[in-house]
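The chain contents come next:
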Amino acid sequence: QVVFFFLAVMALRFSQLPPFEEWDAGQVCHWLDVLDLGSHKEIFQREQIDGAVLAQMSKDQLKADLGLPLGACVKIAAEVVEQRKYSQNKRKVRQPLMRVKGQLGESPPLSPRTRSRIAKYSGDGVARREELTEEELECWDDQAKWLTCAISGVSWPRDSGSTIGVALYHQPRSCCRGELQRRILEEEHAARLKREQGAGDEETAEPNPEPEGFTVVSRSGECGVGDVYDREFAVYPDVEPPPKAHLVTGAQSPELGHIEVMVGPVFDITAFNAGASGSEALGTLGLNARGVLCLDRQYNAVNFQYFVQRHGNSFARKICTSRLSFFIEEGHGQRIFPRNILNQLSLLFYRRNDVLYKTGGRVDEKKVAECISKGIPKILLATIMEVASGTGFRQYTEHAIRLYLAIHHTAIKILAHFPSAHQAVYDQVKSWMQNPFARGTFWGPEEVMLAASLVSVPFPMLREALVRRVLADLHCTGAETCDNLWHQNRPQLERLAFVQSFFDAGPGKKPVHELERQYTRCAGTLPRAERAAILEALLESDVETLEDWWRVVGMDGVFTGDEACATHLLAMRQHCVTNRKVWELLRPSVSRGPAVVTEGVGAGELGKAVVDRRPQTAAKMKQTRRQAEAAALAEAKRKHEGYPVLPQPGHLPETLCLYCGAEFAHRGALFRHLRKMIPPGRMINRWHALHFSVQIPLRGSSSRTCPAKCCSGTQFGTYDALLEHLAEMGVPGAGPPPSRRSAPEAEREEVDSAPQQHWSVVADTTVQPEIVSDAADEGAAVDPHAQLGRCCRCPEARAALFAPCGHCVACSQCAKKAASCWVCSQKVVSVVPVCFS
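Numbering of residues starts from 1 in every chain and runs along the sequence as written. Local features in this predicted model are restricted to residues of pLDDT 70 or higher, and side-chain atom pairs are both shown and tallied only at a pLDDT of 80 or more, whereas totals for entire chains, interfaces and linings draw on every residue. Side-chain calculation: all heavy atoms of the structure are included, whereas hydrogens and water are not.

**Considering the overall build of the protein chain**
And step 1. Secondary structure is summarised from DSSP: a helix means a run of H or I of at least four residues, a strand means a run of E of at least two, and numbering begins at the N terminus for each. A tally of helices and strands in the protein chain yields 27 helices and 12 strands.
And step 2. When each of the 837 residues of the protein chain is scored for burial, the buried share is 51%.
And step 3. By definition, residues are in contact when any of their heavy atoms lie within 4.5 Å. Across the protein chain, contacts joining residues at least 24 apart in sequence account for 69% of those joining residues at least 6 apart.
And step 4. With the model as given, the accessible surface of the protein chain reaches about 39,200 Å², and the carbon-plus-sulfur share is 51%. Each residue gets one of three labels from its accessible area relative to the maximum for its type: buried under 20%, exposed over 50%, partly exposed in between, using a 1.4 Å probe on protein chains only. Per-residue and other accessible areas were derived by the Shrake-Rupley procedure at a 1.4 Å probe size, with only the shown protein chains allowed to occlude residues.

What follows is the structure in structure tokens.
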């Protein structure tokens, strides 16, 4: 009921009121609330001023007859003039374009003749140097299935003039306070109408049967089948226009608000224009006639709307204000690249399509880089978040991955085409990598990963900066523990893990030009095996604890225990919180590219990260660790068989485990350890202590019973067997304890006395054992968690990243002398100075 009430509010909020002259007194009063003149409603209600009466009243009549202040009279009179104009549009003949929820455009499969042509010729008719392989042709088959406009029916590659794109929505950027308040007021008004309608229909209402095969899904944020939201909807909706006073002018800057991506049907440019300018063929009206006066300053501005299917019987509403075409291949559209895409980027940021060009028609690559940096990561992140909210529906997830790759390809194509823009985006990523706390930084941890995937920066190079920024941003009330931090910041951390799964499994590891070539040959997507790897990574990206996230990002090895991870994590958080304000004031030094840039721009200076296998998903990492923990626990339990040897009779240490030699902080911790290692049948409280005070029977005595109460009168066959038992329990005077070590146990003891093994993580999160001797030398591995902020070879502050592994353990001077990483032994290709320690 709560969900349907919310949906009813949304449905009414985006519907139009009747023409102004047909308003009743209640609607006039609601309109006064919108104008922030609600204090005068009582007068209008008392005099029964409806729309027809108000339309005939002048400013002087409002003041003389109703006694309103002059300011209110002027404002109402000006808005009445505007409402008369709106009423003319509301009376225009319109033919709503109706669609069924979840409907997608469908294309027939490519014919053998078309496949043969595609294999030999590119989309612009030029013969290929290398024919497409069968693996690449499969990508064309897969793309052709979904690249059909659900409104116009235009499809790729069947229609040579098609310009397929994705529908975008971003919140208005210059809404005044009154316009934002109007949204709240209209929601309250719609809720009140819903309650009144429900009260009037209680006695006569009949059950509304649901469509066959559909059930109501009451999941927050999703639209089930109900009495208001049926399965049909108008694609180009009418909305109530804002008051004239709300359309204030605002400074236009290259900024975007909250971005949503319509993960569902794609749209041809003709379908978008049918809503923006109107279409006689479809009988649709343009934006102005449907109540959309300003996309930037009107909260309910919408070009068209659609309902996408997130689950088998559940739909989510999407509204569109803008669109972004994506590059599929050379023959996609008549002028799709680069002019069409640059025009749309310009419209998204500046509401003009010519801002990205200089005098003479040359492209302003600096502004192009700015738009890509601020726009594309947000659009990609919005796509990923749509996947995160719909991961229960595999078909929806697969569709979103297609869309993500298409948008990613478009950005890669632009960067490959404009080297200066490519260098500018890379410099911004590098600057974030050097100091994520610098003032003016516009990327968050999620967006910087997606920006890095556009310029081939490997994740290990981002890891140190990203982890410090995330830990410093976490909020915590109460004790600073991993559990508290996890529960209070869980959504943020789960989002980070989800985005990282895209980063690890998705595109972005190859150089830009190489990736662009692969994309183009694969029709704007990736081979099936790589798409399957992304899907698998997404479906297995869950992290369950803060320690899990710490291991997933690679700050500790897969086999590092939770306690060690928690110690390292909390120490790093304290270090980041303490030094954040200092780091914010520092500015990284970014080496700009040469005056004439070539294909060697960007991340080439960082070297190539070592990736010998597919990245481990979070689920696989947890599974590997659970298996290792189970094996380690079984081995540890074998050390806790039998009874321990007491260091001296009559004495039992309070905090030392006599089986394995582990020292604990207090007695409770020791007993938790023992209960984990010893079966319940053998874990008897005060077993040894009750034996310490017993009297040893004389040798000539006939008694063969243990005098301790905990033994419950256990009988022994001989006196020597009883004496051996008492000695084993540590009874003073019973003699030396017998040696119960077997040959395997002796071998294990020899192994335990060998040099300790530590696990360290390398760039691709694989773990390798390294023997660390007690006397560390220049070639020995170091612990990156020791002496946080200080160089591991000298007392200076850490100030450099080793590339490409990304470890930060050295000062600037020591880093210059390092040939290989001190942590993972990977060859150091270059050193990147950083502003954090």
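**Brief notes about the packing of aromatic side chains**
And step 1. The aromatic pairing rule takes the rings of Phe, Tyr and Trp, using the six-membered ring of Trp, and pairs them if the centres are within 6.5 Å, calling planes under 30 degrees apart stacked, those over 60 edge-to-face and the rest tilted. Under the defined criterion, the tally for this structure stands at 18 aromatic pairs.
And step 2. Taking the centre distance of 5.4 Å and the plane angle of 80 degrees together, the rings of Phe233 and Tyr306 count as edge-to-face. Linking Phe233 in strand 3 (residues 232-234) with Tyr306 in strand 6 (residues 304-311), this pair joins segments that are 73 residues apart in sequence. You'll find Phe233 and Tyr306 in the same group, each marked buried.
And step 3. Where Phe272 meets Phe304, the ring centres are 6.4 Å apart and the plane angle is 80 degrees; that geometry is what we call edge-to-face. Taken together, the positions of Phe272 in helix 10 (residues 269-276) and Phe304 in strand 6 put the pair 32 residues apart, joining distant regions of the chain.
And step 4. The rings of Phe233, Tyr236, Phe267, Phe272, Phe304, Tyr306 and Phe307 are connected pair by pair, giving a single aromatic cluster.
And step 5. Each ring is checked for a lysine NZ or an arginine CZ that lies within 6 Å of its centre and within 35 degrees of its normal; such an atom marks a charge sitting over the ring. Here the guanidinium or amino end of Lys374 rests over the ring plane of Phe442, the centre of that ring lying 5.4 Å away.

**A closer look at the pattern of salt bridges**
And step 1. Here a salt bridge means any side-chain nitrogen of Lys or Arg lying within 4 Å of a carboxyl oxygen belonging to Asp or Glu. Here the structure, examined in full by the defined rule, presents 38 salt bridges.
And step 2. Connected via shared salt-bridge partners are Glu138, Asp142, Arg402, Arg528 and Arg531.

**Concerning empty space enclosed by the protein**
And step 1. Cavity: a set of points on a 1 Å grid over the protein atoms alone where a 1.4 Å probe fits but cannot get out. Pocket: an open set with protein on both sides within 12 Å along at least five of seven lines, its lining residues, like those of a cavity, having an atom within 4 Å of a point. Grid points are joined across faces, edges and corners, and a volume is the space filled by probe spheres set on the points. Under the criterion given, the structure shown has 1 cavity of 30 Å³ or more.
And step 2. In terms of lining residues, the largest cavity is bounded by Gln16, Tyr86, Asn89, Lys90, Pro241, Asn288, Ala289, Gly291 and Leu293.

**Looking at the packing of helix 15 (residues 445-454) against helix 17 (residues 482-505)**
And step 1. The axes used here are C-alpha line fits, helices contributing only the stretch in contact, and every angle between their N-to-C directions lies in the interval 0 to 180 degrees. Between helix 15 and helix 17, whose axes approach to 9 Å, the crossing angle comes to 5 degrees. Here helix 15 is positioned roughly parallel relative to helix 17, judged by the angle of their axes. Side by side, helix 15 and helix 17 meet where Pro445, Glu446, Met449, Leu450, Ala452 and Ser453 of the first sit next to Gln492, Arg495, Leu496, Val499, Gln500 and Phe503 of the second. Comment on the angle field: the value is read as roughly parallel under 35 degrees, roughly antiparallel over 145, roughly perpendicular from 65 to 115, and oblique elsewhere.

**Some words on helix 25 (residues 719-728)**
And step 1. Within helix 25, 7 of the 10 residues are buried, which leaves it mostly tucked inside the rest of the structure.
And step 2. All of the buried residues in helix 25 are Tyr719, Leu722, Leu723, His725, Leu726, Ala727 and Glu728.
And step 3. Looking at the packing, one finds that the buried side of helix 25 touches helix 24 (689-692).
And step 4. A positive phi of about 85 degrees marks Gly730, the residue just after helix 25.

**Section: the environment of Val470**
And step 1. Examined against the element boundaries, Val470 turns out to sit in helix 16 (residues 459-473).
And step 2. A relative accessible area of 0% means that Val470 is categorised as buried.
And step 3. Separated by 103 residues in sequence, Val470 and Arg573 place their C-alpha atoms 8.9 Å apart.
And step 4. Once residues lying within four places of it in the same chain are set aside, the contact partners of Val470 are Pro445, Gln492, Leu493, Leu496 and Trp549.

**Notes on the side chain of Glu584**
And step 1. One can find Glu584 in helix 21 (residues 562-584).
And step 2. Every residue in contact with Glu584, bar those within four places of it in the chain, is listed here: Phe437, Ala438 and Arg439.

**Concerning the nonpolar core**
And step 1. Joining through side-chain atoms within 4.5 Å is the link that ties buried Ala, Val, Leu, Ile, Met, Phe, Trp, Tyr and Cys residues into a set, and such a set is a nonpolar core. One finds Phe326, Val457 and Trp549 to be the most contacted residues of the largest nonpolar core, which totals 147 residues.
And step 2. Top element by residues in this core is helix 13 (residues 394-417). It accounts for 13 residues.
And step 3. Counting residues in hydrophobic clusters, the runner-up holds 21 residues, among them Trp31, Ile49, Leu62 and Leu66.

**A short note on the environment of Asp296**
And step 1. For Asp296, the position within the fold is in the loop between helix 10 and strand 6.
And step 2. Asp296 gets classed as buried once you look at its relative accessible area, which sits at 4%.
And step 3. It is 7.8 Å that separates the C-alpha atoms of Asp296 and Gln171, two residues lying 125 residues apart in sequence.
And step 4. Throughout this description, a polar contact denotes any pair of N or O atoms lying within 3.5 Å of each other; where both atoms belong to protein, one of them has to be capable of donating a hydrogen while the other can accept it, and for residues adjacent in sequence the pair is counted only when both atoms sit in side chains. A distance of 3.0 Å separates the side chain of Asp296 from the side chain of Arg173, its partner in a polar contact.

**Comments concerning the environment of His568**
And step 1. Within the secondary structure layout, His568 lies in helix 21.
And step 2. C-alpha of His568 to C-alpha of Asp556: the two residues are 12 residues apart in sequence and 8.6 Å apart in space.
And step 3. For His568, the contacting residues outside a window of four places in its chain are Trp550, Asp556 and His785.

**Here we look at the pairing of strand 11 (residues 800-803)**
And step 1. Every second residue of strand 11 is oriented toward a common face, with Ala800 and Phe802 on one face and Leu801 and Ala803 on the other, all of them buried.
And step 2. Relative to strand 12 (residues 830-833), strand 11 runs antiparallel, the two sharing 4 bridges. Bridging across to strand 12, Leu801 finds its partner in Val832. Whether two strands pair depends on DSSP finding at least two bridges between them.

**Section: the side chain of Arg521**
And step 1. Mapping Arg521 onto the fold places it in helix 18 (residues 512-521).
And step 2. Only 3.0 Å separates the side chain of Arg521 from the backbone oxygen of Glu130, close enough to count as a polar contact.
And step 3. A polar contact of 3.0 Å, which involves the side chain of Arg521, links it to the backbone oxygen of Glu131.
And step 4. Apart from the residues lying within four places of it in its own chain, the contact partners of Arg521 are Glu130, Glu131, Leu132, Thr133, Glu136 and Trp140.

**Remarks on helix 8 (residues 134-144)**
And step 1. Among the 11 residues in helix 8, 8 count as buried, and that is most of the element.
And step 2. Every buried residue of helix 8 is accounted for by Glu136, Leu137, Glu138, Cys139, Trp140, Asp142, Gln143 and Ala144.

**Thoughts on the packing of helix 14 (residues 419-434) against helix 16**
And step 1. Interhelical geometry of helix 14 versus helix 16 gives an angle of 55 degrees and a closest axis separation of 8 Å. The orientation of helix 14 relative to helix 16 falls into the category oblique. Note on element contacts: helix 16 touches helix 14 through Met461, Leu462, Ala465, Leu466 and Arg469, opposite Val429, Trp432 and Met433.
And step 2. Gly is placed with the polar residues, together with every amino acid not listed as nonpolar (Ala, Val, Leu, Ile, Met, Phe, Trp, Tyr, Cys and Pro) or charged (Asp, Glu, Lys and Arg). Here the contact of helix 14 with helix 16 is composed, by residue class, of 7 nonpolar, no polar and 1 charged.

**Overview of the state of the cysteines**
In protein structure, a disulfide is the covalent linkage between the sulfur atoms of two cysteines.
And step 1. What counts as a disulfide here is a pair of cysteine sulfur atoms lying within 2.5 Å. What the rule picks out here adds up to 0 disulfides.
And step 2. The thiol of Cys805 is not disulfide-bonded; the next cysteine sulfur, from Cys821, is found 3.6 Å away.

**Remarks on unusual backbone geometry**
And step 1. Put simply, Trp156 and Pro157 share a cis peptide bond, and its omega is 0 degrees.
And step 2. Its location among the elements puts Pro157 in the loop between helix 8 and strand 2 (164-170).
And step 3. Residue Pro338 follows Phe337 across a cis peptide bond; omega there is -5 degrees.
And step 4. Of note, Arg351 is a non-glycine position whose phi angle comes to about 65 degrees, a positive value.
And step 5. Among the structural elements, Arg351 can be located in the loop between helix 11 (336-350) and helix 12 (365-389).
And step 6. Residue Arg351 is classed as partly exposed on the basis of its relative accessible area, which comes to 26%.

**Regarding the confidence of the model for the protein chain**
And step 1. pLDDT is a per-residue confidence score from the predictor, ranging from 0 to 100. On average, residues of the protein chain carry a pLDDT of 80, and 82% of them reach 70 or more.
And step 2. Here residues 203-229 is modelled with pLDDT under 50, and outside its nearest four sequence neighbours on either side it reaches 51 contacts, counting other chains as well.
And step 3. Below pLDDT 50 for its whole length, residues 740-777 participates in 62 contacts with residues either more than four positions away or in separate chains.

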